[in-house]
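Inside the fold
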Amino acid sequence: MDQAILQVPNPMLIKITRNFFYPLVILFPVSLYMVFVYAPEEETMGIVQKIFYYHVSAGWVFLLAFGLVFLGSVAFLITQRQVWDTFAASSAELGVVFCSISLTTGPIWAKPVWGIWWTWDARLTSTLVEWLIYVAYLMLRANVPEPTKRANLSAVFGILGALDVPIVYFSIRWWRTQHPQPVMGGGGYLDPQMRLAFYVCLLTFTLLYFFMLGRRIELAQAQETLTSLKRRWARK
Amino acid sequence: MFKKILRILWKDIVTEFRTRELFSAMFVFALLVVVVFNFAFESAPRESILQAAPGLLWVAFTFSGVLGLNRSIAIERENMSIQALMLAPVDRGGIYLGKMLGNFVFMMVSELLIVPLFAVLYNFSFSARFGQFLLILVLGTLGFSAVGTIFSAIAVNTKMRDVLLPILFLPVVVPVLIGAVETSVRTLAGEPLRGMMDWVKILIVFDVIFITTSFLVFEFVLEE
């Protein structure tokens, strides 16, 4: 019985991601160096453009995180194993954090470059709607005290919400392309040094995400263990 | 299966005929939204009101829809009638489809009553391409009730109850809202359906995806 409670049900992910700590300690200063010293300053936008490296990396991570919420939700409904629910919930929390980073760094860049904080452009609008969907997911979780019920309900919402993301994206894109919109800054070309700096940032953020995901799952499992131990103690 | 679904729909319609609480709440609320908007738009020129009108209508439909969806599931919870429904020899997906059709019918009826009132109050004509407008109304409302029925069943299981429904519901129905408003604006401007097939398709895709997925996963929502 004690064994069953204290067992870590998903040791692989936790063990592997724990090893990401030291690479991250090195990668973060390196990525800052790459962004501010190694990569050249953009000609027209100047220093503001530097925010792009972290902004886009955060954008990639939140899409990855929301994708994994979907996977975790489907896996939970099929297997009914608690681990998958914890996995989906942890990924959703991190996704919302990285999505918020994207949504705040965007306007900081947009104000000096476009002259406005916000525009109802396709990508901005769909990101905001996705953020709202996953905030709703977290609010749903916070409002169901019973674990099994919470897991089932949020898995259903996680699946329906994720299916909505591509439809939201395309509908907003079509909706916006039918209206005049401000010209997006920057073309497809990236300076090779800038590109390398960008890849380093992308790697750093992705590792950071997985590292935090592992820690979040570990924490959730410690909480579960604590509650079940408390319950058993109370019964005695 | 089909017969059982219609039975559930019939049960909702009979209940509604006897109580009239769902429909009256939805209708009056939608009317209130339309009236209140009039004050918000008071200083706007008439042309811009005409342009915003279809959007205004859909906002009224959305909010009154949320109200109706909450009530429709709350009725099942009172007196534990949801338990009786679960004991019925029909699978959970069938219960979903029955409730979904019920919500669809009530929303449609109140929308069809709001439209002529809106036309009178805002001096607006719907007669041009009314059939086309009706098609959009059906597709949009189907999307609302597909998502709304399963989300209201989720929300009713939470501590916040009905307060949570709009928070879950509104961001997810954004594509329906965009598609419905876009096509309504163009329909009322006299544009034929052929020019907006992309939008009609997106509405159909949304309806199909959400009805089938909800049908499949509804059993996890109803589990007690």
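What you are looking at is a predicted structure, and each value in this text was computed from that prediction instead of being measured.

**Things to note about the overall build of chain B**
- Check the secondary structure of chain B and you find nine helices and zero strands.
- Start at the N end of chain B and walk to the C end: the helices and strands fall as α-α-α-α-α-α-α-α-α.
- The C-alpha radius of gyration computed for chain B amounts to 18 Å, which stays within 12% of the reference 17 Å derived for 224 residues, consistent with globular compactness.
- C-alpha extents for chain B along the principal axes are approximately 55 × 35 × 30 Å.
- Taking all 224 residues of chain B together, 52% fall into the buried category.

**What to know about the overall build of chain A**
- When you go through chain A residue by residue, the secondary structure sums to eight helices and zero strands.
- Along the chain direction, N to C, the helices and strands of chain A fall in the order α-α-α-α-α-α-α-α.
- The buried share of chain A, reckoned over its 236 residues, is 45%.
- Accessible surface computed for chain A: about 12,300 Å², of which carbon and sulfur atoms make up 70%.

**Focus on the packing of helix H3 (residues 46-77) of chain B against helix H8 (residues 174-188) of chain B**
All names here are of chain B.
- Where H3 contacts H8, the axes come no closer than 9 Å and their chain directions differ by 140°. When the interaxial angle is binned, H3 and H8 end up oblique. For the crossing formed where H3 meets H8, the hand is right-handed. Contacts between H3 and H8 involve Gln51, Pro54, Gly55, Trp58 and Thr62 from the former and Leu177, Ala180, Val181, Ser184, Val185 and Leu188 from the latter.

**Some details on the packing of aromatic side chains**
Residue and element names in this part refer to chain A.
- All told, the structure shown has 26 aromatic pairs over all chains when counted by the stated rule.
- Ring geometry for phenylalanine 28 against phenylalanine 205: centres 6.2 Å apart, planes inclined by 50°, an arrangement best described as tilted. Taken together, the residues phenylalanine 28 in helix H3 (residues 21-38) and phenylalanine 205 in helix H8 (residues 192-235) connect sequence positions 177 residues apart.
- One Lys or Arg, arginine 215, reaches over the ring of phenylalanine 211 and ends 5.1 Å from the middle of that ring.

**Regarding helix H6 (residues 130-155) of chain B**
Residues and elements named next belong to chain B.
- With 26 residues, H6 extends 35 Å between its outermost C-alpha atoms, agreeing within 8% with the 38 Å of an ideal straight helix rising 1.5 Å per residue.
- At glycine 148, H6 shows its largest bend, some 25°.
- For H6, a buried count of 21 out of 26 residues is recorded, marking the element as mostly surrounded by other parts of the structure.

**Some words on the interface of chain B and chain A**
- Listed as interface residues are 29 residues of chain B and, on the opposing side, 30 residues of chain A.
- Here chain B meets chain A over a buried area of about 2,700 Å², counting both sides, of which 78% is carbon and sulfur.
- Where chain B meets chain A, there are zero salt bridges.
- Remark: the boundary between chain B and chain A carries two residue pairs in polar contact (both at pLDDT 80 or more).

**Focus on the packing of helix H5 (residues 92-121) of chain B against helix H9 (residues 197-222) of chain B**
All names here are of chain B.
- For the pair H5 and H9, the least separation of the axes is 8 Å and the interaxial angle reads 120°. Comparing the axis directions of H5 and H9 gives the class oblique. Of the two possible hands of crossing, H5 and H9 adopt the one that is right-handed. Contacts between H5 and H9 involve Arg92, Gly93, Gly94, Ile95, Tyr96, Leu97 and Met100 from the first element and Phe210, Ile211, Ser214, Phe215, Phe218, Glu219 and Leu222 from the second.
- Classifying every residue of the contact of H5 with H9 by side-chain character gives nine nonpolar, three polar and two charged.

**A look at the nonpolar core**
- Ranked by internal contacts, the top residues of the largest apolar core, which has 135 residues, are Phe157 of chain A together with Phe151 of chain B.
- Filtering out sequence-adjacent residues up to four positions away, phenylalanine 151 of chain B remains in contact with Phe157 and Leu160 of chain A together with Leu165, Leu168, Phe169 and Val172 of chain B.

**Observations regarding the confidence of the model for chain A**
Residue and element names in this part refer to chain A.
- Summarising the model, chain A shows a mean pLDDT of 86, and 90% of its residues fall at 70 or more.
- Note on residues 1-7: pLDDT under 50 across the span, and seven contacts to partners over four residues away in sequence or across chains.
- Between residues 179-187, whose pLDDT stays under 50, and residues either more than four places distant or in other chains, the model counts nine contacts.

**Thoughts on the environment of cysteine 99 of chain A**
- Structurally, cysteine 99 of chain A is set in helix H5 (residues 82-114).
- With residues near it in sequence (within four places) discarded, cysteine 99 of chain A still touches Phe62, Phe66, Thr127 and Trp131 of chain A.

**Considering a nonpolar patch on the surface**
Residues and elements named next belong to chain A.
- Nonpolar side chains collect at one region of the surface, where Phe21, Tyr22, Val25, Ile26 and Val30 lie side by side and expose about 500 Å² of accessible area between them.
- Position of valine 25 relative to the elements: it lies in helix H3.
- You can call valine 25 partly exposed: its relative accessible area is 46%.

**A few points about unusual backbone geometry**
Residues and elements named next belong to chain B.
- With a phi close to 60°, arginine 20 is a non-glycine residue in the positive phi region.
- Its place among the elements puts arginine 20 in the loop between helix H1 (2-19) and helix H2 (21-40).
- A positive phi angle, close to 55°, is found at arginine 161, a residue other than glycine.
- Take arginine 161: it is sitting in the loop between H6 and helix H7 (164-172).
- For arginine 161, a relative accessible area of 40% corresponds to the partly exposed category.

**Re the pattern of salt bridges**
- Evaluation of the coordinates by the stated rule reveals eleven salt bridges over all chains.
- For arginine 215 of chain A, the salt bridge is made with glutamate 218 of chain A, and the minimal N-O distance between the two is 2.9 Å. Placement of the pair is arginine 215 of chain A and glutamate 218 of chain A together in helix H8, with a separation of three residues, close to one helical turn.
- Among the ionic pairs, lysine 11 of chain B bridges to aspartate 12 of chain B, the shortest N-O distance being 2.6 Å.
- Relative accessible area serves as the criterion here: at 28%, lysine 11 of chain B is assigned to the partly exposed category.
- Residue aspartate 12 of chain B is classed as buried on the basis of its relative accessible area of 8%.
- Several salt bridges share partner residues, and in doing so they unite Lys11, Asp12, Glu76 and Lys99 of chain B into one network.

Scoring rules and cut-offs
- All chains use their own residue numbering, which begins from 1 and follows the written sequence.
- Chains carry letters and ligands carry numbers; both start at the beginning, A for chains and 1 for ligands, and go up in the order they are written.
- At least 70 in pLDDT is required for a residue's local features to be given in this predicted model, at least 80 for side-chain atom pairs to be given and counted, and no such filter applies to totals for whole chains, interfaces and linings, which use all residues.
- Hydrogen atoms and water are omitted, and side-chain values are computed over all heavy atoms in the structure.
- Secondary structure elements are taken from DSSP: a helix is a run of H or I of four residues or more, a strand is a run of E of two residues or more, and numbering for both begins at the N terminus.
- Atoms counted for the radius of gyration: C-alpha only. Globule rule: 2.2 Å times the number of residues to the power 0.38.
- Relative accessible area decides the class of each residue, using a 1.4 Å probe on protein chains only: under 20% of the type maximum gives buried, over 50% gives exposed, and in between gives partly exposed.
- The accessible surface values rely on the Shrake-Rupley method and a 1.4 Å probe; as for residues, cover is taken only from the protein chains in view.
- A fitted line through C-alpha atoms serves as each axis, taken over the contacting stretch for helices, and the angle formed by two N-to-C directions is quoted from 0 to 180°.
- When an angle is under 35 degrees it counts as roughly parallel; over 145 it counts as roughly antiparallel; between 65 and 115 it counts as roughly perpendicular; any other value is oblique.
- Less than a right angle of anticlockwise turn of the near helix away from the far helix marks a crossing as left-handed, whereas a clockwise turn marks it as right-handed.
- Throughout, a contact is declared for two residues whenever any of their heavy atoms are within 4.5 Å.
- Under the pairing criterion, centres of Phe, Tyr and Trp rings, with the six-membered ring standing for Trp, must be within 6.5 Å; the plane angle then separates stacked pairs below 30 degrees from edge-to-face pairs above 60, leaving the rest tilted.
- The rule is short: NZ of Lys or CZ of Arg within 6 Å of the ring centre and within 35 degrees of the ring normal puts a charge over the ring.
- Helix span, expected: 1.5 Å multiplied by one less than the number of residues in the helix.
- Take the seven residues that end at a residue and the seven that start at it, fit an axis to each, and the angle between those axes is the bend at that residue.
- A simple way to read buried area is as the amount of 1.4 Å-probe accessible surface that goes missing from two parts once joined, with both sides added.
- In the sections that follow, a salt bridge refers to a side-chain nitrogen of Lys or Arg positioned within 4 Å of a carboxyl oxygen of Asp or Glu.
- Here a polar contact means two N or O atoms within 3.5 Å. Within protein one must be a hydrogen donor candidate and the other an acceptor candidate, and residues neighboring in sequence count only if both atoms are side-chain atoms.
- Nonpolar residues are Ala, Val, Leu, Ile, Met, Phe, Trp, Tyr, Cys and Pro. Charged residues are Asp, Glu, Lys and Arg, and all others, Gly as well, are polar.
- By convention a nonpolar core is built from buried Ala, Val, Leu, Ile, Met, Phe, Trp, Tyr and Cys residues, the set being connected through side-chain atoms within 4.5 Å.
- Per residue, pLDDT captures the predictor's confidence, and it can take any value from 0 to 100.
- Candidate patch residues must exceed 30% relative accessible area and have no salt bridge, after which like charges are joined if within 9 Å and Val, Leu, Ile, Met, Phe, Trp or Tyr side chains if within 5 Å.

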